[in-house]
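# Summary of the model geometry
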Amino acid sequence: MEKRIIKDLSADELAAAMAAMGEERHRAVQILKWLYQKGAASFAEMTNLPRDLRERLDERFVVTAPRLVESIRSGADASQKFLLETADGALVETVLMEADGHRTICVSSQAGCALGCSFCRTGEGGFERDLASGEILDQVLFFKKSGYLPPRRRFNIVFMGMGEPLLNMRNLAAAIGILNLEAGFGLGEKRITVSTVGIPDRIRELAATDLRFSLAVSLNATTDESRRRLMPGSRDLGDTLAAAREFARARRARVTLEYVLIAGENDSDEDAGRLAALSSGGPFKLNLIPFNEWDGCEHRRPGEDRIERFIGLLLPTAPAVTVRRSQGRDIGAACGQLRCRRLSRG
Ligand code: SAH
Ligand code: SF4
């Protein structure tokens with residue numbers, strides 16, 4: 001019998017697996033706590049389970065962990081980027097950021113990305129495969145186990161690493177389920193943000209679940225034409241915003257609209273006017289991200305005066321505006337940059 005990777009099971013699947021093995025429900029809770037709160041690396045460590053159950057688990061399941069390939073610390077701020085290798089050799093990037101005493105883990109949902117946005121290094125590298133839910137959770141566990149997160153302090157998770165989370169729905173949902181769960185990571189909607197290129201039907205589908213997370217939509221342009229040029233895999237702008245509004249209504253929360261500012265592409269006064277019009281009066285927050293330059297990409301970051309002018313034009317009518325002075329610029333923490341260096345080196 002081929003062993004299953006236990007961290008790929010959703011909480012419901014684990015409960016069902018326990019029932020199928022003739023075990024009581026609370027065993028599933030004990031196993032979740034061992035895996036996600038104590039970071040157990042084997043069933044043998046799960047000492048409050050009967051020995052015969054540990055043995056039977058060992059026959060059916062395996063507890064995997066990624067291998068650290070490389071890490072780079074930013075000289076400019078407190079962010080640190082890690083390249084992890086999964087059991088089958090896929091390379092996964094994950095970034096730890098620190099600001100105002102809060103730690104945020106930026107996780108990947110796929111190895112690579114199929115959507116090919118022209119400003120994104122992950123897109124340039126192409127798509128390898130979806131990450132399993134266990135591989136998503138392993139990125140968080142990596143930080144917990146290696147002492148990067150102080151014990152008992154809350155942290156935030158953003159799905160802003162490699163990949164498009166809404167193109168990996170089953171594994172995204174299973175991972176968020178365990179992040180939410182009290183016996184798992186105990187993180188609610190204020191601590192988890194899913195960033196998406198915006199796939200309207202999938203946003204609606206997620207709005208109808210009881211998964212707790214905040215939504216961020218990468219708008220990045222104010223007309224369909226310029227958006228398609230920058231993001232060839234993007235969907236209709238109007239429908240994307242309609243779905244974001246529905247999500248906000250269902251959750252009674254605001255949706256963040258992310259906007260990467262790229263010189264000469266989407267940073268004109270007209271763009272600022274359209275962005276203000278698109279977002280004003282809606283259940284939105286705006287997050288401007290000055291483009292992070294990378295070798296081989298022609299796009300440029302706008303100058304500071306252009307950025308300031310853009311913000312100035314938004315402020316009278318747009319909802320709350322924040323600017324993400326990108327962390328880890330010097331280590332290419334934006335997206336997919338570490339993996340690309342590695343892949344090109346062979
Ligand atoms: N696929 C999802 C999540 C990963 S990208 C998405 O597109 O939303 C996370 C964020 O990083 C997105 O808002 C994207 O627009 C932004 N991003 C990608 N490359 C960037 C770069 N070079 N500089 C600044 N932001 C970038
Ligand atoms: Fe994929 Fe997001 Fe990068 Fe676009 S910005 S290529 S959707 S990871």
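Up top you'll find the structure we're talking about.
Nothing here was measured: the structure is a model prediction, and the numbers come from that model. (Residues numbered from 1 in each chain as written. Chains lettered and ligands numbered in written order. Predicted model: local features only at pLDDT ≥ 70, side-chain atom pairs only at ≥ 80, totals over all residues. Heavy atoms only, no water.)

## Comments concerning the site of ligand 2
Rules: Any residue with a non-hydrogen atom lying within 4 Å of a molecule or strand is treated as near it. Note that Gly is not counted as nonpolar here; it falls among the polar residues with everything else outside the nonpolar set of Ala, Val, Leu, Ile, Met, Phe, Trp, Tyr, Cys and Pro and the charged set of Asp, Glu, Lys and Arg.
What surrounds ligand 2 is the set Cys113, Leu115, Gly116, Cys117, Phe119, Cys120, Gly123 and Gly163. Classifying every residue of the shell around ligand 2 gives five nonpolar, three polar and no charged.

## Re the sheet that holds strand E3 (residues 67-73)
Rule in force here: For two strands to be treated as a pair, DSSP must find at least two bridges joining them. Secondary structure elements are taken from DSSP: a helix is a run of H or I of four residues or more, a strand is a run of E of two residues or more, and numbering for both begins at the N terminus. For every element, the axis is a line fit to its C-alpha atoms; helices are fit only across the contacting stretch, and the angle between N-to-C directions ranges from 0 to 180 degrees. The contact criterion used throughout is that any non-hydrogen atoms of two residues lie within 4.5 Å.
Read from one edge to the other, the open sheet built from 10 strands follows the order E3-E4-E5-E6-E9-E10-E11-E12-E13-E14, with strand pairing classed as mixed. Each edge of the open sheet is held by one strand with a lone partner, namely E3 and strand E14 (321-323). In this sheet, adjacent strand axes meet at a mean angle of 20° when their direction is disregarded. Bridge count between strand E5 (residues 91-99) and strand E6 (residues 102-106): five bridges; the pairing is antiparallel. Of the residues in E6, the one forming a bridge with Val95 is Cys106. Against the sheet, helix H5 (residues 133-145) contacts E3, strand E4 (80-85), E5, E6 and strand E9 (156-159), and its axis sits at roughly 45° relative to E5.

## A closer look at unusual backbone geometry
In plain terms, the rule: Partly exposed residues are those whose accessible area sits between 20% and 50% of the maximum for their type, while under 20% is buried and over 50% is exposed, using a 1.4 Å probe and protein chains only.
Positive phi, close to 65°, is recorded for Asn220, a residue that is not glycine. By the element assignment, Asn220 lies in the loop between strand E11 (214-218) and helix H8 (224-230). For Asn220, a relative accessible area of 2% gives the class buried. With phi around 50°, Arg252 is a residue other than glycine that occupies positive phi space.

## A look at the layout of surface pockets
To be explicit about the condition: Using only the protein atoms, space was sampled on a 1 Å grid; points where a 1.4 Å probe fits but cannot get out form cavities, open sets with protein on both sides within 12 Å along at least five of seven lines form pockets, and lining residues are those with an atom within 4 Å of a point. Grid points are joined across faces, edges and corners, and a volume is the space filled by probe spheres set on the points. Domain start and stop points were drawn from an automatic or database domain assignment.
If you add up the space inside the second largest pocket, you get close to 410 Å³. Lining the second largest pocket are 19 residues, and of these Lys144, Pro151, Arg152, Arg153 and Phe155 lie nearest its centre. Those elements giving two or more residues to the lining of the second largest pocket turn out to be helix H2 (26-37) and H5. If one sorts the elements of the lining of the second largest pocket by residue count, H5 sits on top with three residues. A breakdown of the residues in the lining of the second largest pocket according to their chemical character gives eight nonpolar, four polar and seven charged. Summarising the domain contributions, the lining of the second largest pocket has at least three residues from each of domain 1 (4-62) and domain 2 (67-345).

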